[in-house]
Amino acid sequence: TGLPAAATFSAVEREALRHRFYPFAPNVSPHELEQMLILHSFQELMLRAAPERTWCFADRRWRERIPKSLFGQCLEEALRSEPFVDTAYLPRHDCLLLALHHRSGPRQIWHAWHGDVLAGSEDPKWSQPTLVTMPSYNDWSKVHGGSELRPSQLSMIENMDGREIGYNAIVEKLACPSEGSLILVTSMEGGLRNSFESREPRQMRRMARVMKGDVTFGIAVDQTWRDWQSKVTTPAKAEDEPSEDADPGSLEAPSPVFPDANLGTFWLALPNGARVTSRLHHEGAKGLLETGQAGHPLPALGAMLSYAADGQVIQVFSDGSIRFTGLEGKSNAAQGAIISYFPGCPEDYEVSRSIFGGALIKQLISGRIEIFHPDGTVTLRNPTEEELQRRLEVGQHSSSQQHLCDGAITEDLLKRMLLVYKDTFTEDAVSSSATLGRPGHWVVIRPDGQVFGRGEDGEEYEMEQVATALQVDLFTHHRALTNSKGFASFEDPEGSQKVCVYPDGTRITSTIHESGKEVELFKGQMPLVRCDLPLDGSTGSIHVECADGTNIEVLPGESEEHSALDFTITTRANLKQPAN
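Calculation notes
- Residues numbered from 1 in each chain as written.
- Predicted model: local features only at pLDDT ≥ 70, side-chain atom pairs only at ≥ 80, totals over all residues.
- Heavy atoms only, no water.
- Helix = DSSP H or I, 4+ residues; strand = E, 2+ residues; numbered from the N terminus.
- Contact = heavy atoms within 4.5 Å.
- Areas by Shrake-Rupley, 256 points an atom, 1.4 Å probe, with all protein chains shown as cover.
- pLDDT = per-residue confidence, 0-100.
- Core = buried A, V, L, I, M, F, W, Y, C linked by side-chain atoms within 4.5 Å.
- Buried < 20%, exposed > 50% of the residue type's maximum accessible area, 1.4 Å probe, protein only.
- Salt bridge = Lys/Arg side-chain N within 4 Å of Asp/Glu carboxyl O.
- Phe/Tyr/Trp six-rings, centres within 6.5 Å; stacked < 30°, edge-to-face > 60°.
- Pairing = 2+ DSSP bridges.
- Lys, Arg positive; Asp, Glu negative; His and termini not counted.
- Patch = residues over 30% accessible without salt bridge, like charges linked within 9 Å, V, L, I, M, F, W, Y side chains within 5 Å.
- Polar contact = N/O pair within 3.5 Å; in protein donor to acceptor, adjacent residues only side chain to side chain.

Visitor: Provide a residue-level description of the overall build of the protein, including the pertinent values.
Guide: In terms of helices and strands, the protein carries ten helices and 31 strands. Nonlocal contacts in the protein, meaning residues at least 24 apart in sequence, comprise 45% of its contacts between residues at least 6 apart. Summing over all exposed atoms, the protein offers an accessible surface of approximately 35,800 Å²; the carbon and sulfur share of this is 53%.

Written out as structure tokens, the structure reads:
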């Protein structure tokens with residue numbers, strides 16, 4: 001251990017050694033002098049143990065006394081992180097200095113890999129069977145033109161230009177900070193723009209990751225922002241195209257909107273497989289295109305937070321709304337009569353649900369929208385035939401992995417709806433049906449059974465009422481209301497609390513307090529959401545409880561210039577999965 005069996009100096013000799021140094025610093029108390037000498041000894045110990053770093057303990061002014069009865073437990077807890085241990089013996093104090101630290105390796109480690117003809121002529125790959133794309137003559141002559149070494153077994157992929165998909169290179173840079181984290185930056189290049197001058201890759205991608213313990217995080221490029229910039233930066237119209245005699249040098253390419261704004265996405269991977277991402281919510285900004293076209297800088301934008309775990313995705317937007325996706329199980333293969341397939345049927349499964357202001361907004365695969373209000377009011381809208389056809393075309397052209405898995409079932413369902421759309425949604429069929437409603441019109445179903453319709457022009461009309469039943473308890477005066485659509489509500493005598501249960505199993509509980517209203521939304525196997533709505537109509541707080549123990553809290557920010565939200569994510573302490 002470094003601690004001798006017997007002290008080097010006796011107690012009297014150690015006292016004499018300490019007093020010998022005090023006269024040289026008369027303005028400093030002996031206690032502070034001893035503390036400085038111990039820190040200086042620690043500094044010399046670390047200089048010997050880790051000479052690759054510079055050490056300075058002059059700013060270490062805080063210390064903690066550990067009782068001898070707890071020293072063993074504290075040392076055992078510190079050794080669990082597997083640090084390096086170095087010791088030094090101080091004769092003037094007859095004590096042992098114990099330093100636990102993590103070594104800092106080389107500051108930076110580089111690793112590079114080059115494919116195709118980017119490898120030099122002396123590379124051993126050319127003496128082995130090699131498969132490459134078609135390189136340009138200029139690059140091929142640079143590598144093998146002045147060398148006696150020739151590829152003996154070389155195979156080229158015909159009709160694959162190396163300037164398009166070849167010339168691949170990967171460069172990795174690894175940094176090892178002293179606290180035990182790893183920073184890995186990977187740059188991937190592919191293709192070639194010009195083979196005669198300096199090599200410029202056609203595609204380039206860069207990714208940085210930071211790994212600390214069981215957590216990995218980094219920042220990636222916001223692809224949605226780039227897609228929006230490319231979409232709004234369109235070339236001139238066909239009638240504005242220049243003639244063939246026009247000078248090509250006089251043509252100017254349209255400048256992108258906000259060219260200096262390079263937005264990114266922060267992502268965090270948790271040990272339990274969950275993933276947290278955060279980026280600027282530019283989709284919710286109003287007048288963003290006009291601001292960019294006028295040459296103004298990018299305005300302040302709100303943040304958007306996403307949490308994904310176990311196939312469920314929770315999104316929190318800058319306006320305080322919350323959306324759930326990937327929650328409902330998809331229907332199996334279509335069965336039964338064709339006439340039974342229409343928007344809102346049991347096979348028309350839910351694709352997302354949003355919560356805003358205590359109201360629940362559901363969107364079904366057909367495009368049907370259903371809104372559940374805390375007071376029991378239900379609002380729904382069926383898509384038009386054109387919207388349903390457009391939704392089918394978008395799904396057919398999708399190439400995502402999820403579409404390849406369940407796209408056939410969805411496509412068959414939408415096709416069946418289109419076949420019966422004209423026969424089912426006729427004027428006579430929907431004029432009196434609160435379940436169907438006219439395509440493109442909003443249908444409002446009140447808790448008392450009254451039904452209203454509203455067209456696209458804002459015209460309202462009455463529809464056939466829904467049968468309801470109200471029961472009031474004679475002793476407690478609690479009210480229970482049900483209707484023929486599967487809705488039920490329970491309300492206390494004072495009207496301060498009301499529980500609404502909707503046909504899909506969603507439960508919305510609203511409670512009135514002195515400071516405002518609390519709305520709780522819940523459905524089996526889905527997160528629990530609590531919304532606090534102040535009486536003055538300002539933005540309240542939102543609390544989300546996930547099934548895996550994660551809590552998401554959204555609070556209104558303190559910024560007065562624009563709406564801002566503060567996000568807080570709390571996960572369980574034990575995030576590791578049990579070993580098999």
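Visitor: How would you summarise the confidence of the model for the protein if you had to cite specific residues and measurements?
Guide: The predicted model of the protein averages 78 in pLDDT, with 75% of residues at 70 or higher. With pLDDT under 50 throughout, residues 331-339 is counted as low confidence; its partners more than four residues away or in other chains account for 14 contacts. In the model, residues 399-405 has pLDDT below 50 throughout and makes five contacts with residues more than four positions away in sequence or in other chains.

Visitor: Tell me about the nonpolar core, and name the residues and values.
Guide: In summary, soluble globular proteins display a tendency toward joint burial of nonpolar side chains. Grouped together as the largest cluster of nonpolar side chains are 35 residues, with contacts concentrated most on Tyr 307, Ile 314, Ile 322, Leu 521, Val 529, Val 544 and Ile 552. Here the element with the most residues in this core is strand S12 (residues 303-309); it accounts for three residues. If you look at the next biggest cluster of nonpolar residues, it comprises twelve residues, including Tyr 341, Tyr 349, Leu 414 and Tyr 421.

Visitor: Quick one: what's the story with the pattern of salt bridges, residue by residue and with numbers?
Guide: This structure, assessed with the given rule, holds 20 salt bridges. Two residues, Arg 454 and Glu 460, come together in a salt bridge whose shortest N-O distance is 3.0 Å. Residue Arg 530 is joined to Glu 520 by a salt bridge in which the shortest nitrogen-to-oxygen separation is 3.2 Å. Here Glu 520 lies in strand S27 (residues 516-522) and Arg 530 lies in strand S28 (residues 528-534), a separation of ten residues in the sequence.

Visitor: How would you sum up the packing of aromatic side chains? Please name residues and give values.
Guide: Two measures describe an aromatic ring pair: the distance that separates the ring centres and the angle between the ring planes. Summed over all chains, the structure comprises six aromatic pairs. Between Trp 55 and Phe 57, the aromatic rings sit 6.2 Å apart at their centres with planes inclined by 80 degrees, giving edge-to-face as the arrangement. Taken as a pair, Trp 55 and Phe 57 share a single burial class, namely buried. Through a chain of ring-to-ring contacts, the aromatic side chains of Trp 225, Trp 228 and Phe 258 assemble into a single cluster.

Visitor: Tell me about the environment of Leu 555, residues and numbers included.
Guide: Of note, Leu 555 is situated in strand S30 (residues 551-556). Classification of Leu 555 by relative accessible area gives partly exposed; the value is 31%. With 15 residues separating them in the primary sequence, Leu 555 and Gly 540 have C-alpha atoms 6.9 Å apart.

Visitor: So what's going on with the pairing of strand S8 (residues 203-212)? Residues and values would help.
Guide: Side-chain direction in a regular strand flips from residue to residue, so the side chains alternate between the two faces of the sheet. Looking at chain direction, strand S7 (residues 182-190) and S8 are connected through nine bridges and run antiparallel. Residue pairing across strands places Met 188 opposite Arg 205, the latter belonging to S8. Bridge analysis of S8 against strand S9 (residues 215-221) gives five bridges, and the strand direction is antiparallel. Bridged to Lys 212 within S9 is Val 215.

Visitor: Describe the side chain of Arg 14, with residues and values.
Guide: Within the secondary structure, Arg 14 is located in helix H1 (residues 11-21). Within the buried core, Arg 14 has no salt-bridge partner, and the shortest N-O distance to an opposite charge, that of Asp 94, equals 4.0 Å. Not counting the four nearest positions on each side in its chain, Arg 14 is found in contact with Ala 7, Phe 9, Pro 91, Arg 92, His 93 and Asp 94.

Visitor: Which residues make up the environment of Thr 568, and what values do they have?
Guide: The topology assignment puts Thr 568 in strand S31 (residues 565-570). Assessed through its relative accessible area of 36%, Thr 568 is described here as partly exposed. As a C-alpha pair, Thr 568 and Ile 552 span 16 residues in sequence and 5.8 Å in three-dimensional space. Apart from residues lying up to four places away in sequence, Thr 568 is in contact with Asn 551, Ile 552 and Glu 553.

Visitor: Residue-level account of a nonpolar patch on the surface, with values.
Guide: Judged by side-chain polarity, Ile 66, Leu 70, Phe 71, Leu 79, Val 85, Leu 98 and Leu 100 come together as a nonpolar surface patch covering roughly 550 Å² of accessible area. Counting residues per element, the ones that place at least two in the nonpolar patch are helix H3 (71-79) and strand S2 (95-101). Turning to its location among the elements, Phe 71 is positioned in helix H3. Under the relative-accessibility criterion, Phe 71 is labelled partly exposed at 44%.

Visitor: Break down the pairing of strand S29 (residues 542-545) for me, citing the residues and quoting the values.
Guide: Only one face of S29 is buried, namely the one carrying Ile 542 and Val 544, since none of His 543 and Glu 545 on the opposite face is buried. Of the strand pairs in this sheet, S28 and S29 are connected by four bridges, and their pairing is antiparallel. Bridging from a neighbouring strand, Arg 530 pairs with His 543 of S29. Here S29 pairs with S30 via four bridges, running antiparallel. By the bridge assignment for S30, Ile 542 is matched with Val 554.

Visitor: Explain unusual backbone geometry to me, using residue names and the numbers behind them.
Guide: With phi around 50 degrees, Phe 258 is a residue other than glycine that occupies positive phi space. Position of Phe 258 relative to the elements: it lies in the loop between helix H6 (223-232) and strand S10 (264-269). Overall, the relative accessible area of 6% leaves Phe 258 in the buried class.

Visitor: Requested: an account of the side chain of His 281, with residues and values cited.
Guide: Mapped onto the elements, His 281 comes out in the loop between strand S11 (275-280) and helix H7 (288-293). Here the side chain of His 281 touches Ser 318 through a polar contact of 2.9 Å, side chain to side chain. Discounting chain neighbours no more than four positions away, the residues touching His 281 are Gly 302, Ala 303, Met 304, Phe 317 and Ser 318.

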